[in-house]
Amino acid sequence: MTTAPTQRLWELVVWRAERTPGQILLSDDRGRTMTAAGLRDTAERVAAGLAGQGVRPGSRVMWQLPTTLESVVLSVALARLGAVQNPVITVLREAELCALDDQFGPEFAVVPTRWRGFEHAAAVRSIAGARARVIPCDHSENPGTDLALPQGDPAGLPSPPASDAPRWVYVTSGSTARPKGVLHTDASVFASSNTMVDQFGVGEDDVFPMAYPFAHIGGIAWLITGLRVGSRLVLLDTFDPAASPAVMAEHGATILGSATPFFQAYLAAQQKHGAERLFPRLRLCMGGGAPVAPDLDELVRRTLGGDGVVNGYGLTEFPAAGFPRPRDEAGKARSSWLPGPGVEVRIVGADGTDLPTGNSGELRLRGPQRCVGYLDHQLDANAIDEQGYVRTGDLATMDEHGLVTMTGRLKEIVVRGAENISVAEIEAVLSTHPAIADIAVIGLPHARLGEMCCAVVVPVQGLPAPTLDDVRAHCRDSGLARYKTPERVETLPSIPRNSMGKILRQQVRAAIVEREVVPDDRRR
């Protein structure tokens, strides 16, 4: 076989191992590396170890691991077995885990006993009870080169799965108050790598340090990219703005990701480093999630080199839809991008009919990386239209050349440091605070994070308004993930709503923004 398989992850792993067995595909910040043949062989041993603990084809396995070799090997091992896997980022806590448990009902959970101060295994046991068998993955107890995963003899493994049934369940909050499980197949996650290969021309000389959670759907997209072309993935279990850029430079990074806080850290590191290029092999910075400031692309090009910031578009239901041309400076400043291979675009009006070229409407997408649907199939009809296009909930225009330009959002989310945060979820938590009579959560611009969460509250009459510390403590006690906790609290005498009771969020935002520009003596 001379061309890479396109339908099965395990077939791709075997193909790469046979093609370039000694090529290093993976590194992590624990000093470990793994070759193409090493990934194949280790994943088979781990698959055997998991099988010894009862994991079978079709078993439901939730895993919540940091971005290390373990997370990559585990995902490949589960694909080898044909298990249904639910990757979960490590910052999610009891509230989100409980919602996902209701939908997925895992039979197994691969988690650290304790990681970064959180008792992962205890949380899973308290939520799932005896239904989910916990398989601990304790990195701290394996300080050397050994993987913190069970291993066994692969001789007794069954044949790899032949069907392309949905076996990937990724998590998105989208615009709802509840995390949702999004179903993908091997073929659809494979297609999520198409834009990197086609639009970036990623090749075997490229090195991409991944400092965001491998459990995001972008993790598997980059792994498949590396397997297809032979590029190297460097895994960092956390991002330290002061230390991580130097580590990435030591590995010879050619592509850096993935959001404004990261890019600012790279710029600061370069300034500290001096006149010599910190990343002499850098080709570009790849962005996603929140839009970047228009001047950041030019600043990165001038300071770090390469083609600046190439900020793409995608969502868990339809990952890596497209990117701008790396040298289209004007297009990048407008948040414009070109659809990737096989990606079809519709721009529709409020009535669902297609709009003429140049008109702003809802962006809808169809193509090979589209999800199958949701764990909760009742959500499918609202997410995918009658022609098979994903309703993104975002507003855009498309010109006669197929260039898509983002113009706004229908969805009520905050994109904080490339993480989507549902405002409804935070409002549901804060509505139970005894001192809050009404609540609206909005996103406000933030120089480092892109956006931050601001809780706008109406205090209960006769009680003092809750402080930021009060709000944070309430969110923590409610089990909300830390990154979703508001960074700012403001008060209003009432929350503006329409006749149906829906929050008029733009009015709320305008009232808060006005406070930043109106002198203090005019606010009284």
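With respect to the sheet that holds strand S25 (residues 450–459)
1) Next: A sheet is described by the order of its strands in space; here 3 strands give the open sequence S24-S25-S26, paired in mixed fashion. Sheet topology places strand S24 (436–446) and strand S26 (488–491) at the edges, where each strand pairs with a single neighbour. Sheet twist, expressed as the average angle between the axes of neighbouring strands with direction ignored, equals 30°.
2) Next: Two strands pair when backbone bridges link them, and S24 and S25 are joined in this way by 10 bridges, in the antiparallel orientation. The partner of glycine 443 across the bridge, within S25, is cysteine 453.
3) Next: Packed onto the sheet, helix H14 (residues 423–430) meets S24 and S25 and runs at close to 145° relative to S24.

Quick word on the sheet that holds strand S18 (residues 361–366)
Consider a sheet: its strands pair through backbone hydrogen bonds, and that pairing is either parallel or antiparallel.
1) Next: Pairing in this open sheet of 7 strands is antiparallel, and the strands run S14-S15-S16-S21-S20-S18-S17 from one edge to the other. Two strands in the sheet have a free side with no partner beyond their single neighbour: strand S14 (313–315) and strand S17 (344–348). Averaged over all pairs of adjacent strands, the angle between strand axes in this sheet comes to 45°, irrespective of strand direction.
2) Next: Examined bridge by bridge, strand S20 (residues 390–398) and strand S21 (residues 404–409) share 5 bridges and lie antiparallel to one another. Within S21, the residue paired with methionine 398 across the bridge is valine 404.

Brief notes about helix H1 (residues 9–19)
1) Next: For H1, the set of buried residues is Leu9, Trp10, Leu12, Val13, Trp15, Arg16 and Ala17.
2) Next: For H1, the secondary structure elements touched by its buried residues are strand S1 (24–28), helix H2 (36–52), helix H3 (69–81), strand S7 (168–172), helix H6 (186–191) and helix H8 (217–229).

A closer look at the confidence of the model for the chain
Regions with low pLDDT should not have their predicted coordinates read in detail.
1) Next: When pLDDT is averaged across the chain, the result is 91; 94% of the residues are at 70 or more.
2) Next: Contacts from residues 518–524, a stretch scored under 50 in pLDDT, to residues over four places away or in other chains number 3 contacts.

Comments concerning the pairing of strand S9 (residues 207–210)
1) Next: Residues Val207 and Pro209 of S9 are buried on one face, and the alternating residues Phe208 and Met210, pointing to the opposite face, are buried as well.
2) Next: Judged from the 4 bridges that link them, S9 and strand S10 (residues 232–235) form a sheet pairing that is parallel. Paired with proline 209 across the bridge in S10 is valine 234.

Considering the pattern of salt bridges
1) Next: Enumeration according to the criterion identifies 26 salt bridges in this entry.
2) Next: Residue aspartate 237 is joined to arginine 116 by a salt bridge in which the shortest nitrogen-to-oxygen separation is 3.1 Å. Taken together, the residues span a long stretch of sequence, with aspartate 237 in the loop between S10 and helix H9 (244–250) and arginine 116 in the loop between strand S5 (108–111) and helix H5 (120–128) at a distance of 121 residues.
3) Next: Between glutamate 487 and arginine 416 there is a salt bridge; the shortest N-O distance is 2.2 Å. Of this pair, glutamate 487 sits in the loop between helix H15 (468–477) and S26 while arginine 416 sits in strand S22 (residues 413–416), placing them 71 residues apart in sequence. Each member of the pair glutamate 487 and arginine 416 is classed as buried.
4) Next: In this structure, a network of salt bridges that share partners links the residues Arg346, Asp354, Glu362, Arg364 and Asp385.

Let's talk about the packing of helix H4 (residues 94–104) against H5
1) Next: Axis separation between H4 and H5 bottoms out at 10 Å; the angle between their running directions is 45°. On the basis of the axis angle, H4 is oblique to H5. With respect to the hand of their crossing, H4 and H5 are arranged in right-handed fashion. For the pair H4 and H5, contact is made by Glu94, Leu97, Cys98 and Asp101 and by Ala123, Ile127 and Ala128, respectively.
2) Next: Broken down by class, the residue content of the contact of H4 with H5 amounts to 5 nonpolar, no polar and 2 charged.

Criteria and thresholds
- Residues numbered from 1 in each chain as written.
- Predicted model: local features only at pLDDT ≥ 70, side-chain atom pairs only at ≥ 80, totals over all residues.
- Heavy atoms only, no water.
- Pairing = 2+ DSSP bridges.
- Helix = DSSP H or I, 4+ residues; strand = E, 2+ residues; numbered from the N terminus.
- Axes fitted to C-alpha atoms, helices over the stretch in contact; angles between N-to-C directions.
- Contact = heavy atoms within 4.5 Å.
- Buried < 20%, exposed > 50% of the residue type's maximum accessible area, 1.4 Å probe, protein only.
- pLDDT = per-residue confidence, 0-100.
- Salt bridge = Lys/Arg side-chain N within 4 Å of Asp/Glu carboxyl O.
- Parallel < 35°, antiparallel > 145°, perpendicular 65-115°, else oblique.
- Left-handed = near helix turned anticlockwise from the far one by under 90°.
- Nonpolar A, V, L, I, M, F, W, Y, C, P; charged D, E, K, R; others polar.

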